[in-house]
Amino acid sequence: TELSKIRNFSIVAHIDHGKSTLADRLIQSTGTVQDRDMKEQLLDAMDIERERGITIKANTVRIDYEADDGERYVLNLIDTPGHVDFAYEVSRSMRAVEGSLLVVDSTQGVEAQTLANVYQAIDADHEIVPVLNKIDLPAADCDRVAEQIEDVIGIDATDAIRVSAKTGIGIKDTLEAIVKRLPAPTGERDAPLKAMLVDSWYDAYLGVIVLVRIMDGVLKKGDQIKMMQTNARYGVDRIGVFRPAMQVVDELGPGEIGFITASIKQVRDTKVGDTITHDKKGAETALPGFKPSVPVVFCGLFPVDSSEFEDLRDAIEKLALNDASFSYEMETSAALGFGFRCGFLGLLHLEVIRDRIEREYNIELITTAPSVVYHIFMKDGEMLELHNPADMPDLSKVDHLEEPRIKATILVPDEYLGDVLKLCQDRRGIQQDLSYAGSRAMVVYDLPLNEVVFDFYDRLKSVTKGYASFDYQMIGYRADNLVKMSVLVNDEPVDALSTMVHRDRAEQRGRAMCEKLKDLIPRHMFKIPIQAAIGGKVIARETLSALRKDVTAKCYGGDATRKRKLLEKQKAGKKKMRQFGRVEIPQEAFISALKMD
Ligand code: GDP
Ligand code: MG
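Anyway, here's the lowdown on the structure attached to this text.

About the cut-offs
- Residues numbered from 1 in each chain as written.
- Chains lettered and ligands numbered in written order.
- Predicted model: local features only at pLDDT ≥ 70, side-chain atom pairs only at ≥ 80, totals over all residues.
- Heavy atoms only, no water.
- Core = buried A, V, L, I, M, F, W, Y, C linked by side-chain atoms within 4.5 Å.
- Buried < 20%, exposed > 50% of the residue type's maximum accessible area, 1.4 Å probe, protein only.
- Contact = heavy atoms within 4.5 Å.
- Phe/Tyr/Trp six-rings, centres within 6.5 Å; stacked < 30°, edge-to-face > 60°.
- Helix = DSSP H or I, 4+ residues; strand = E, 2+ residues; numbered from the N terminus.
- Lys NZ or Arg CZ within 6 Å of the ring centre and 35° of its normal.
- Pairing = 2+ DSSP bridges.
- Axes fitted to C-alpha atoms, helices over the stretch in contact; angles between N-to-C directions.
- Parallel < 35°, antiparallel > 145°, perpendicular 65-115°, else oblique.
- Left-handed = near helix turned anticlockwise from the far one by under 90°.
- Salt bridge = Lys/Arg side-chain N within 4 Å of Asp/Glu carboxyl O.
- Polar contact = N/O pair within 3.5 Å; in protein donor to acceptor, adjacent residues only side chain to side chain.

### Overview of the nonpolar core
Working step 1: In this structure, Ile357, Ile410 and Phe456 are the most contacted members of the largest nonpolar core, which totals 50 residues.
Working step 2: In contact with Ile357, other than residues within four places in its own chain, are Leu301, Leu312, Ala315, Ile316, Leu319, Asn362, Ile363 and Leu365.
Working step 3: Of all hydrophobic cores here, the second largest spans 33 residues; its members include Ala496, Val501, Ile521 and Leu544.

Following this line, the structure appears as structure tokens:
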């Protein structure tokens, strides 16, 4: 295809503002997919994505469009995830296209993720076309939202397109704007091949599929290619495009987006951001790479039934092949037995992986408290990364600790501002900025990541009745007075409940945790002390009193079936318990005990 007839774009939006619906409508109205094959949210492939209504993997589709000028254009849409955890995928796919549609719900206005995503588009030098969506709704206020886009983001919104992705109003205008307002890609057909590796994933039938954007040169079936970063060499088996179903083509030229397969064994071998060139007469210099994504939240995953450890290993290995941002290593816990310490990009990423293991592999899991990565500076000058509070070295050898901090941007209606400030303050936040966009306040806080990973987002939603939006980025490490708090149940330390806390908050946190555990652990035939401690010093304590009677005693031995049922129920309950010395702790305790409310 001629360069002047290609437009490559992405759609950026806050979650639920209608990105997927708009993509569906663009695909459908151009006849890319026949009406009878159209199902909602075509691009959100995985079940979990559909259920949670979020897009996790970036997806792509090629649309043929005959414009009002009578010319035929090829439009390549790369769909991007909207959630903060997947910001890295947004930035990666942004570099493969020249323009963005900025979708804003005209009944809601600009939200935190609108900002985060549009700044990424601006960073990638995109031409941006604002789209005001959901104009079919009575609450739509296009003028106000257009003004907000100009005030808050600083881009011209006078020519914003007014759309209802649901009913189809403005879809034709959107297609025309893509052709007229977005730039065509540039590139040279005769130059050595430079293809950007945008994404890769595992397909059960075809093996690893690599999504590429050709910058220069031509890629053909049978070509011998080389990955410039890893130096791996492959022969290209298949070249194609997504419509969104795969369709094989002969070649991909400059400006085009498509896929290749090349008998690549695992997704890990294909580094996102790498440059693909020809093995012979290849390019001399690679394209500027992407920032690699690093896991920021770690937690332990253990099988509830310890005989399922090998099944868990198998599940984790399979998932990791397909998700290079997910890391794992084996872990043994005195309390939980054999399991894995896993690293994730954020909490949503953690939940998605955990759900998939439980659902697709049918393994019940115990998830330990999520922890961030601390930097431990030893007295001998060495720096260690702490992924698991249980591994905290001997304090006498430690000089100081540093924790990761984030810059959080929160947009919230005025009336909830007070609650948001209080929440951020409670989480050791330092206010950086406070400004207004209409009746909405925009606050920027410097916060410790560990105060955010656990339940910050849930708390924020609950104190603002769902009206706040939130986004964050890492800003680096800073020293603080951090200590490891251990929990002892019946005088036995339960390693899976160890957490890192700020010294000033330790007593409060310890007390809250002991109280929680007292409610979560069932009573036994003996008294159980529950303690929180720093080093050897106990800072909080609760006692769970002993059970006086057998649970079945109140059945008076008369009703045999009822007694049996009760015992069976107890036995079933037991499966979800873990034995710690003489005490059984239910699996839910490991997460619930750490929630702060
Ligand atoms: P995404 O998270 O940005 O991908 O948003 P979705 O496309 O999943 O849309 C979120 C919700 O808004 C869904 O329930 C859609 O049906 C609905 N929606 C999307 N566009 C419109 C629209 O133009 N009008 C109305 N009334 N609802 C819409
Ligand atoms: Mg979506």
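### Examining the packing of aromatic side chains
Working step 1: Within the structure shown, the criterion is met by 10 aromatic pairs.
Working step 2: Note on Phe242 and Phe259: the rings are 5.0 Å apart at their centroids and 45° apart in plane angle, and the pair reads as tilted. With Phe242 in strand S12 (residues 238-242) and Phe259 in strand S15 (residues 257-261), this residue pair connects regions lying 17 residues apart in the sequence. Note on accessibility: Phe242 and Phe259 belong to one class, buried.
Working step 3: Ring geometry for Tyr328 and Phe340: centres 6.1 Å apart, planes at 75°, overall edge-to-face. With Tyr328 in strand S18 (residues 327-333) and Phe340 in strand S19 (residues 337-344), this residue pair connects regions lying 12 residues apart in the sequence.
Working step 4: With relative accessibility at 30%, the residue Tyr328 sits in the partly exposed group.
Working step 5: Among the aromatic side chains, those forming a connected cluster through ring pairs are Phe309, Phe326, Tyr328, Phe338, Phe340 and Phe344.
Working step 6: The lysine or arginine in question, Lys461, covers the ring of Tyr457, its NZ or CZ lying 4.7 Å from the ring centre.
Working step 7: Here the guanidinium or amino end of Arg582 rests over the ring plane of Phe526, the centre of that ring lying 3.9 Å away.

### Observations concerning the sheet that holds strand S8 (residues 207-216)
Working step 1: Pairing is antiparallel in the open sheet, where 8 strands are placed in the order S11-S10-S16-S7-S8-S15-S12-S13. With one partner strand each, in any of the chains shown, strand S11 (233-235) and strand S13 (246-248) form the two edges of the open sheet. Direction aside, neighbouring strands of the sheet carry axes that sit 40° apart on average.

### Observations concerning the packing of helix H7 (residues 309-321) against helix H8 (residues 347-360)
Working step 1: It is the contact of H7 with H8, at a shortest axis distance of 10 Å, that shows an interaxial angle of 130°. Overall, the two elements H7 and H8 adopt an arrangement that is oblique. In this structure, H7 meets H8 at a crossing whose hand is right-handed. Across the interface between the two elements, Leu312, Ala315, Ile316 and Leu319 of H7 pack against Ile353, Arg356 and Ile357 of H8.

### Structural notes on the sheet that holds strand S1 (residues 6-13)
Working step 1: A sheet is described by the order of its strands in space; here 6 strands give the open sequence S2-S3-S1-S4-S5-S6, paired in mixed fashion. The open sheet has two edge strands with one neighbour each: strand S2 (59-66) and strand S6 (161-162).
Working step 2: As judged from the 5 bridges shared by S1 and strand S4 (residues 99-105), these two strands associate in the parallel manner. When the sheet's bridge partners are listed, Val12 is paired in S4 with Leu102.
Working step 3: Helix H1 (residues 19-29) contacts S1, S2, strand S3 (72-79) and S4 of the sheet and is inclined by roughly 150° relative to S1.

### Section: the pattern of salt bridges
Working step 1: The final tally for this structure, using the stated rule, is 30 salt bridges.
Working step 2: Note that Arg62 and Glu256 form a salt bridge whose closest N and O atoms lie 3.3 Å from each other. In this pair, Arg62 sits in strand S2 while Glu256 sits in the loop between strand S14 (251-252) and S15, placing the two residues 194 residues apart along the sequence. A single burial state applies to Arg62 and to Glu256, both of which are buried.
Working step 3: Between Glu507 and Arg503 there is a salt bridge, and its shortest N-O distance comes to 3.4 Å.
Working step 4: For Arg503, a relative accessible area of 24% gives the class partly exposed.
Working step 5: Each member of the salt-bridge network shares a partner with another, and the members are Glu403, Arg405, Arg428, Asp446, Glu451, Arg478, Asp480 and Arg509.

### A short note on unusual backbone geometry
Working step 1: Positive phi outside glycine occurs at Asp16, with the angle close to 75°.
Working step 2: You can see Asp16 is positioned in the loop between S1 and H1.
Working step 3: Overall, Asp16 belongs to the exposed group, its relative accessible area being 60%.
Working step 4: Of note in the backbone geometry, Asn490 takes a positive phi value of approximately 55° without being a glycine.
Working step 5: Accessibility expressed as a relative area gives 17% for Asn490, which makes it buried.

### Overview of the side chain of Thr30
Working step 1: Along the chain, the position of Thr30 falls in the loop between H1 and helix H2 (47-52).
Working step 2: Polar side-chain contacts of Thr30 include one of 2.8 Å to the backbone oxygen of Leu26.
Working step 3: The residues contacting Thr30, other than those within four sequence positions of it, are Ile63, Asp64, Tyr65 and Leu175.

### A few points about the environment of Thr114
Working step 1: Relative to the assigned elements, Thr114 resides in helix H4 (residues 112-123).
Working step 2: In sequence terms Thr114 and His14 are 100 residues apart; their C-alpha atoms lie 4.6 Å from each other.
Working step 3: Each residue touching Thr114, except ones within four places of it in the same chain, is listed here: His14, His17, Leu102, Val104 and Ile153.

### Things to note about the pairing of strand S31 (residues 528-534)
Here is the key point about a regular strand: its side chains alternate between the two faces of the sheet.
Working step 1: With respect to burial, S31 is a largely interior element, 7 of its 7 residues being buried.
Working step 2: With burial as the criterion, each face of S31 is covered, one bearing Ile528, Ile530, Ala532 and Ile534 and the other bearing Pro529, Gln531 and Ala533.
Working step 3: Of the pairings in the sheet, the one linking strand S28 (residues 482-489) to S31 comprises 5 bridges and is antiparallel in character. Bridge assignment links Val489 to a residue of S31, and that residue is Ile530.
Working step 4: The sheet contact formed by S31 and strand S32 (residues 537-544) spans 7 bridges and is antiparallel. Bridge pairing in S32 places Ala533 opposite Val538.
Working step 5: Linking S31 back to S32 in an antiparallel pair, the connection comprises 2 residues, with Gly535 at a positive phi of about 55°.

### Description of the pairing of S8
Working step 1: Burial analysis of S8 places 9 of its 10 residues in the buried class, the great majority of the element.
Working step 2: In terms of strand pairing, strand S7 (residues 194-203) meets S8 through 9 bridges, oriented antiparallel. Note that in S8 the partner of Asp199 across the bridge is Leu211.
Working step 3: Between S7 and S8, which pair antiparallel one after the other, the connecting turn spans 3 residues.
Working step 4: Examined bridge by bridge, S8 and S15 share 4 bridges and lie antiparallel to one another.

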